[in-house]
Amino acid sequence: MRGSRVASPAVEVRFHKEMMGLYDRFAGLGFRPVLLRRFVLLNGGVAAAKELVFKPGTTGLERLLDAGKAELSMEALMLRPEYQPLFSELELKEASQRLASATRSRSRGRLQVQPTQPK
């Protein structure tokens with residue numbers, strides 16, 4: 001694991017299961033992040049989190065904030081003490097900053113992919 005601390009395979013398996021469980025928790029709030037679920041299925045929970053944490057608007061964080069459920073976010077999951085060894089300091093810092101920044105701003109807008117060329 002690039003830049004990561006050592007974690008047992010069992011911890012990685014638990015994290016993956018928790019990442020898969022995010023879909024069900026989100027669905028209970030009326031939000032079905034199909035692309036997040038598919039990305040986790042194809043790449044595994046840890047690899048998905050490592051990539052998605054650097055891509056704004058991909059984890060459903062804003063929707064969770066709107067519902068008052070930031071603790072259900074991928075970022076919050078990454079920051080749980082038992083899962084921190086799976087991630088590098090940079091990845092954990094990014095998760096923490098995203099969670100703190102989003103919580104402070106409470107933006108009501110939805111994050112969307114920006115087109116490369118104006119329409």
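Definitions and cut-offs
- Residues numbered from 1 in each chain as written.
- Predicted model: local features only at pLDDT ≥ 70, side-chain atom pairs only at ≥ 80, totals over all residues.
- Heavy atoms only, no water.
- Phe/Tyr/Trp six-rings, centres within 6.5 Å; stacked < 30°, edge-to-face > 60°.
- Helix = DSSP H or I, 4+ residues; strand = E, 2+ residues; numbered from the N terminus.
- Buried < 20%, exposed > 50% of the residue type's maximum accessible area, 1.4 Å probe, protein only.
- Axes fitted to C-alpha atoms, helices over the stretch in contact; angles between N-to-C directions.
- Parallel < 35°, antiparallel > 145°, perpendicular 65-115°, else oblique.
- Left-handed = near helix turned anticlockwise from the far one by under 90°.
- Contact = heavy atoms within 4.5 Å.
- Nonpolar A, V, L, I, M, F, W, Y, C, P; charged D, E, K, R; others polar.
- Polar contact = N/O pair within 3.5 Å; in protein donor to acceptor, adjacent residues only side chain to side chain.
- Salt bridge = Lys/Arg side-chain N within 4 Å of Asp/Glu carboxyl O.

Trainee: A description of the packing of aromatic side chains should follow, citing residues and the corresponding values.
Mentor: Scanning the entire structure with this criterion turns up three aromatic pairs. Ring geometry for Phe15 versus Phe87: centroids 5.2 Å apart, planes at 70°, classification edge-to-face. Of this pair, Phe15 sits in helix H1 (residues 9-27) while Phe87 sits in the loop between helix H5 (74-78) and helix H6 (89-105), and the two are 72 residues apart along the sequence. A relative accessible area of 0% places Phe15 in the buried class. Owing to a relative accessible area of 0%, Phe87 belongs among the buried residues under this scheme.

Trainee: For the packing of helix H2 (residues 34-43) against helix H3 (residues 45-52), give the residues involved together with the corresponding values.
Mentor: Look at H2 against H3: their axes get within 7 Å of each other, and the N-to-C directions meet at 125°. In this view, H2 runs oblique relative to H3, as classed from their interaxial angle. Read as a crossing pair, H2 and H3 show a hand that is right-handed. Contacts between H2 and H3 involve Leu36, Phe39, Val40 and Asn43 from the first element and Gly45, Ala47, Ala48, Glu51 and Leu52 from the second. Partitioning the contact of H2 with H3 into residue classes produces six nonpolar, two polar and one charged.

Trainee: Describe the environment of Arg98, naming the residues involved and giving the relevant values.
Mentor: Relative to the helices and strands, Arg98 resides in helix H6. Within polar-contact distance, the side chain of Arg98 engages the backbone oxygen of Val53 at 2.6 Å.

Trainee: How would you summarise the pattern of salt bridges if you had to cite specific residues and measurements?
Mentor: For the structure on display, the rule yields six salt bridges. Here Glu18 and Arg80 are joined by a salt bridge, their closest N and O atoms 3.2 Å apart. In this pair, Glu18 is assigned in helix H1 and Arg80 in the loop between H5 and H6, connecting sequence segments 62 residues apart. Here Glu18 falls in the buried class, since its relative accessible area comes to 18%. The salt bridge partner of Glu82 is Arg80, with a shortest N-O separation of 2.7 Å. Since its relative accessible area comes to 34%, Glu82 is described here as partly exposed. We classify Arg80 as partly exposed; its relative accessible area is 31%.

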